[in-house]
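What follows is each chain in one-letter form.
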Amino acid sequence: MAECAGVYADEATKLMLLGQSADAATNLTHAMQLQPHAAELRIRRAAALRQQGKLREAIGDLEVAISEAGGTYPEAGQLLVLAYNDLGVRLAQQKLHEEAVRWFSSAIDANGSVAAFFLNRADCLHALGRTVEALADLERARDLSPHDAQTQWSIRTRLAMVCPQPLFSTQPSVARTCALIRSPCPSPVLHGHHARPRRRYITIEGHSCSIMQTLGRPRSSFPARLSATRRLQVSL
């Protein structure tokens, strides 16, 4: 049985490299039927499901793998936090901001060192009218990326939406928080870009939680394989 499972797993690897994630997931399911307690197979299937956009199924596989491993499985945990964020983005795009906040919070609870997760949640909190909480997330994102000019600019553009001028006079405490977040931000180099802030979506690929290379790029610059439903919010 182990040998047959290995054949299915090897075929799944080839299919993933060809971008055929659905067929890869099918092969991994067959392999899991032969080796039901092989955590690696479950994690690989979760990765294939995530590529298909079947996020809830992917999350289920990853949570089972971590549970069966006694609560700790770093590789599964890294992929799980990305799936949480992916699902939050999808729900935010559908304007289901309350539910999106819960998934972004799950991502933050699992890995609170990624500024983009806080930026995403801040956008949803702002959409829900929860300004003070949105500002707290923006401040945390600022603290996590003090030397990243692109992220700092993203924070500034969000502040333009979260803290409009009329709010300053009616809610002085909010104004003070906005000023606190703004003050340490380096001046961005924009080369004449004066467009109004817009929300764009990018994704964190693979197991890396770094967004330094993808923040702030226009939609046309993303590889064709990135779908709009699997992108993180960022204002340009």
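Residues numbered from 1 in each chain as written. Predicted model: local features only at pLDDT ≥ 70, side-chain atom pairs only at ≥ 80, totals over all residues. Heavy atoms only, no water.

## Digging into the packing of aromatic side chains
Our working rule: Between 30 and 60 degrees the pair is tilted, below 30 it is stacked and above 60 it is edge-to-face, where a pair is any two Phe, Tyr or Trp rings, Trp via its six-membered ring, whose centres lie within 6.5 Å. Labels follow the DSSP assignment, with helices taken as runs of H or I lasting at least four residues and strands as runs of E lasting at least two, numbered in each case from the N terminus. Exposure categories follow from relative accessible area, calculated using a 1.4 Å probe and restricted to protein chains: below 20% of the type maximum is buried, above 50% is exposed, and the middle band is partly exposed.
Tallying each qualifying case throughout the model produces 1 aromatic pair. Between the aromatic rings of Tyr84 and Trp103, the centroid separation amounts to 5.6 Å while the plane-to-plane angle is 40°, which identifies the pairing as tilted. Taken together, the positions of Tyr84 in helix α5 (residues 74-93) and Trp103 in helix α6 (residues 97-110) put the pair 19 residues apart, joining distant regions of the chain. The pair Tyr84 / Trp103 is uniform in exposure class, with both members buried.

## A closer look at the environment of Gly88
Put simply, the test is: Any pair of residues with heavy atoms lying within 4.5 Å of one another is described as a contacting pair.
Considering the arrangement of structural elements, one finds Gly88 in helix α5. Here the alpha-carbon distance between Gly88 and Glu98, two residues 10 residues apart in the chain, equals 9.7 Å. When sequence neighbours within four positions are dropped, the list of residues in contact with Gly88 reads Ala100, Trp103 and Phe104.

## Looking at the nonpolar core
The following threshold applies: In this description, a nonpolar core means a group of buried Ala, Val, Leu, Ile, Met, Phe, Trp, Tyr and Cys residues linked to one another through side-chain atoms lying within 4.5 Å.
With 45 residues, the main nonpolar core has Ile59, Leu62 and Leu138 as its most contacted residues. Of all the elements in the fold, those that place two or more residues in this core are α3 (39-52), α4 (55-68), α5, α6, α7 (115-127), α8 (131-144) and α9 (149-162). No other element matches the 11 residues that α5 contributes to this core. Filtering out sequence-adjacent residues up to four positions away, Ile59 remains in contact with Leu80, Ala83, Tyr84, Leu87 and Trp103. Judged by nonpolar contacts, the second largest core, of 9 residues, contains Ala5, Ala12, Leu28 and Leu41.

## Details of the packing of helix α2 (residues 21-34) against α3
Put simply, the rule reads: Angular values range over 0 to 180 degrees, each being the angle between N-to-C directions of two axes fitted as lines to C-alpha atoms, with helices fitted over their stretch in contact. Each angle receives one of four descriptions, namely roughly parallel if under 35 degrees, roughly antiparallel if over 145, roughly perpendicular if within 65 to 115, and oblique otherwise. Left-handed is the label given to a crossing in which the near helix is rotated counterclockwise from the far helix by less than a right angle, and right-handed is the label when the rotation is clockwise.
α3 packs onto α2 with a crossing angle of 155° between their chain directions and a minimal axis gap of 9 Å. The orientation of α2 relative to α3 falls into the category roughly antiparallel. Two packed elements cross with a definite hand, and for α2 against α3 that hand is left-handed. On the side of α2, the interface is formed by Ser21, Ala22, Ala25, Leu28, Thr29, Ala31 and Met32, while α3 contributes Leu41, Arg42, Arg44, Arg45, Ala48, Leu49, Gln51 and Gln52.

## What about the confidence of the model for the chain?
Detailed reading of the predicted coordinates is not advisable wherever pLDDT falls low. Condition: Values of pLDDT, which run from 0 to 100, indicate the predictor's confidence residue by residue.
Taken as a whole, the chain shows an average pLDDT of 76; of its residues, 69% reach a score of 70 or greater. Every residue in residues 166-170 scores below 50 in pLDDT, and together they form 7 contacts with partners more than four places removed in sequence or on other chains. Every residue in residues 206-236 is under pLDDT 50, and counting partners more than four places away or in other chains gives 92 contacts.

## Regarding the pattern of salt bridges
Note the cut-off: For this analysis, a salt bridge means a side-chain nitrogen from Lys or Arg found within 4 Å of a carboxyl oxygen belonging to Asp or Glu.
Under the counting rule described, the total for this entry stands at 10 salt bridges. Here Glu133 ties to Arg130 by a salt bridge, and the two come within 2.9 Å at their closest N and O atoms. A relative accessible area of 38% means that Glu133 is categorised as partly exposed. Arg130 sits in the partly exposed class, given a relative accessible area of 27%. A single network of salt bridges, built from pairs that share partners, joins Arg42, Arg45 and Asp61.

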